[in-house]
Amino acid sequence: MPLASLPPLPSDADLRRLLQFSTEDGRIWLAGQRMLLVHTAALQALRRELMTSLGAEHTRRLLLRAGYASGERDALLARQVRPDAPLFEAFAAGPQLHMLEGAVRVTPRVFDLDEAAGHFHGIFQWDHSWEAEAHQVDFGPQDAPVCWMLLGYASGYTSAFFRRRVLFKEVQCTACGAPHCLIEGRFVHEWPDGEQLARDYDPDSMLVRIDELQSQVEALRTQLQPADEQGPLLGRSRAFAGTIELLRKAAPTQVTVLLTGETGVGKERFARALHAMGPRADKPFVAVNCAALPAELIESELFGAEKGAYTGATAARVGRFERAHGGTLMLDELGELPLPAQAKLLRVLQQGEVERLGANQTRKVDVRVVAATNVDLEKAVEEGRFRRDLLYRLNIYPIRIPPLRERADDIPLLAMHLLQKYAAQHGKRLAGFTDRALAAMRAHTWPGNVRELENLIERGVILTTSDDSVDAGTLFPHLVVLPDASASVSPAGTLEQAPPAQAAQLCDAVLSSGLTLEALEDALIGEAVARAGGNLSAAARTLGLTRPQLSYRLARLNERNTR
Ligand SMILES: [Zn+2]
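Not measured: the values here are computed from a predicted model. (Residues numbered from 1 in each chain as written. Predicted model: local features only at pLDDT ≥ 70, side-chain atom pairs only at ≥ 80, totals over all residues. Heavy atoms only, no water.)

*Asks:* Go over the side chain of Thr328, please, and point to the residues and values.
*Replies:* By the secondary structure assignment, Thr328 is in strand β10 (residues 328-332). Reaching out from Thr328, the side chain makes a polar contact with the side chain of His275 at a distance of 2.6 Å. Discounting chain neighbours no more than four positions away, the residues touching Thr328 are His275, Arg280, Pro284, Phe285, Val286, Val367, Arg368 and Val370. (Helix = DSSP H or I, 4+ residues; strand = E, 2+ residues; numbered from the N terminus. Polar contact = N/O pair within 3.5 Å; in protein donor to acceptor, adjacent residues only side chain to side chain. Contact = heavy atoms within 4.5 Å.)

Given below as structure tokens:
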């Protein structure tokens with residue numbers, strides 16, 4: 001019905017009668033709803049703060065939803081107050097209440113409903129919108145309409161009145177210089193962009209958005225991290241090539257990968273490589289070290305928690321699983337996961353859903369899990385520390401990352417790469433490694449693997465003067481280096497093994513100290529026994545003696561001291 005054929009608005013006396021100022025008890029009622037007489041200045045100040053802290057887009061959505069809630073309330077009222085009135089008159093209670101509440105003057109222009117055909121078209125003219133006025137005071141003339149609360153009210157009212165989603169758009173606004181504000185509403189399916197409009201009213205949209213941003217940040221961080229920080233996945237040894245081949249085959253699939261290997265072999269680097277080789281490369285890679293989190297926090301960290309789920313949970317918390325949505329979640333040191341969390345993890349892996357602590361519904365997550373461990377999970381199962389069913393679930397595609405000593409051929413390559421990295425970091429130009437240093441590195445057993453190599457080389461870089469080569473002695477200060485280039489490194493030990501240069505230094509020190517040979521022997525024995533905590537067998541071993549030999553010398557020492 002265009003304007004000419006629209007009946008005039010009915011009297012609003014029925015609505016005015018519902019308004020009751022209950023001054024004795026400090027309340028205002030509109031029928032059964034408690035109302036407030038609020039200064040527009042207060043709402044204006046609130047709006048200003050929201051705009052500054054959240055930005056226009058979040059403020060718009062928040063206010064749309066606030067308006068929507070009040071519109072819904074008024075629709076219930078309209079149906080009660082005008083139950084038998086013709087449709088347009090019953091509907092008009094909404095615009096009339098909106099006016100009565102002081103929001104805006106409403107003039108219906110088009111009201112066209114064909115319920116059977118699923119068609120609604122409404123156009124309303126607004127004058128004196130409080131929002132347009134307040135917004136311009138703070139922010140001046142606008143490029144886009146700003147009557148957000150009012151618009152939310154129109155959508156909320158109409159949707160609740162028709163019991164069917166109607167969404168309004170503000171097509172012109174006085175804040176943009178138009179003579180009136182004008183809104184146009186249709187059923188959500190009638191708008192070509194209805195889905196997008198509806199998203200504004202999703203109650204969680206801001207939290208969801210923040211989560212999305214968080215995931216994007218994680219993904220960007222993954223991509224931006226310089227190759228070095230992700231660690232050099234360098235190598236040409238057979239052991240290394242075998243591991244990479246296994247990774248490459250797993251990468252395009254969704255299979256759960258279990259990375260095993262000693263500490264320091266670079267499991268996270270391999271996990272990142274797996275992520276980067278697969279179709280999830282542009283999605284987040286999230287790593288969790290299960291051993292680094294306190295047991296009481298690990299579940300909320302992994303699965304998230306609703307507000308109030310536990311003491312101190314003052315806000316809802318997004319778990320790492322949700323954060324890794326679409327991407328890869330690496331669970332490092334999985335063997336350290338407490339048993340209750342293991343049960344939950346198993347459920348997530350089986351069902352692809354997480355349940356936040358304190359939540360009563362689950363959320364779908366699409367996450368590829370890479371688990372890593374340096375403990376023998378089979379053994380942990382036997383000892384009752386790890387669930388067998390979880391191990392079966394994780395052990396579908398195990399990849400063992402070889403320790404560095406099995407990749408001796410890769411050491412020169414890795415060492416050179418790390419040398420360049422740390423030389424750049426410390427602003428040095430170094431010539432490389434001496435042959436002795438390279439031989440020493442090949443011979444070392446590397447209990448700490450690549451991480452140990454990295455630490456030694458950083459120290460070597462710091463200790464070596466510019467333009468020099470890093471020598472074995474700076475890499476392995478506690479080990480004794482034999483002068484013969486064909487020999488390498490032997491464990492720190494007895495004096496006999498010391499090279500002449502070091503022995504000479506030691507002799508210099510002893511001779512200049514003025515100690516007698518006897519006193520030196522006493523001091524050495526005393527120190528060895530003290531360091532071994534009184535354990536004579538251990539003390540004897542460090543001195544290169546048998547236990548009876550040490551006992552004999554100790555007896556002689558005591559005899560001397562008591563003399
Ligand atoms: Zn407006």
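From this point on, the discussion continues.
*Asks:* Can you tell me about the sheet that holds strand β6 (residues 166-172), naming the residues and giving the values?
*Replies:* Taken together, the four strands give an open sheet; going across it, the order is β4-β5-β7-β6, and neighbouring strands pair in antiparallel fashion. Edge positions in the sheet fall to β4 (105-114) and β6, since each of these pairs with one other strand and no more. Strand-to-strand twist of the sheet, defined as the mean angle between neighbouring strand axes without regard to direction, takes the value 15°. Here nine bridges tie β4 to strand β5 (residues 119-127), and the two strands are oriented antiparallel to one another. What sits directly across from Val110, in β5, is Ile123. Across the sheet, helix α4 (residues 87-100) touches β4 and β5, and the angle it forms with β4 is around 150°. Contacts from helix α6 (residues 148-162) reach β4, β5, β6 and β7 (181-187), with the element oriented near 150° to β6. (Pairing = 2+ DSSP bridges. Axes fitted to C-alpha atoms, helices over the stretch in contact; angles between N-to-C directions.)

*Asks:* If you had to explain the coordination of the zinc ion to someone new, which residues and values would you point to?
*Replies:* Surrounding the zinc ion are the protein donor atoms Cys147 (SG), Glu170 (OE), Cys173 (SG) and Cys181 (SG), which sit 1.9 to 2.3 Å from the metal. Around the zinc ion, the four donor atoms sit at angles spanning 100 to 118°, and that spread fits a shape best called tetrahedral. Each donor residue of the zinc ion belongs to the same chain, with the gaps between them written as C-x22-E-x2-C-x7-C. Taken together, the positions of Cys147 in the loop between α5 (130-139) and α6 and Glu170 in strand β6 put the pair 23 residues apart, joining distant regions of the chain. Among the residues examined, Glu170 registers a relative accessible area of 11% and is labelled buried. (Donors = N, O, S within 2.8 Å, 3.2 Å for Na, K, Ca; no water. Tetrahedral: all angles 85-135°; square planar, octahedral: opposite > 155°, others 65-115°. Buried < 20%, exposed > 50% of the residue type's maximum accessible area, 1.4 Å probe, protein only.)

*Asks:* Please give an account of helix α2 (residues 40-54) that cites residues and values.
*Replies:* The terminal C-alpha atoms of α2, which comprises 15 residues, lie 20 Å apart, in line with the 21 Å expected from a rise of 1.5 Å per residue. Gln44, Arg47, Leu50 and Met51 are the residues of α2 that are buried. Down the axis of α2, the buried set is contained in an arc of 125°. They therefore lie on one face. Summarising the geometry of α2, the exposed residues directed more than 90 degrees from the buried face are Ala41, Glu49, Thr52 and Ser53. Residues of α2 that are buried in the fold lie against α3 (56-81), α5 and α6. Trailing α2 by a residue or two, Gly55 shows a phi angle of about 90°, which is positive. (Expected span 1.5 Å × (residues − 1). Arc of directions from axis to C-beta.)

*Asks:* Can you explain the packing of α3 against α6? Please cite residues and give values.
*Replies:* At a minimum axis distance of 5 Å, the contact between α3 and α6 shows a crossing angle of 40°. Considered as vectors, α3 and α6 are oriented oblique to each other. In this structure, α3 crosses over α6, and the sense of that crossing is right-handed. Residues of the contact of α3 with α6, tallied by class, amount to 15 nonpolar, eight polar and four charged. (Parallel < 35°, antiparallel > 145°, perpendicular 65-115°, else oblique. Left-handed = near helix turned anticlockwise from the far one by under 90°. Nonpolar A, V, L, I, M, F, W, Y, C, P; charged D, E, K, R; others polar.)

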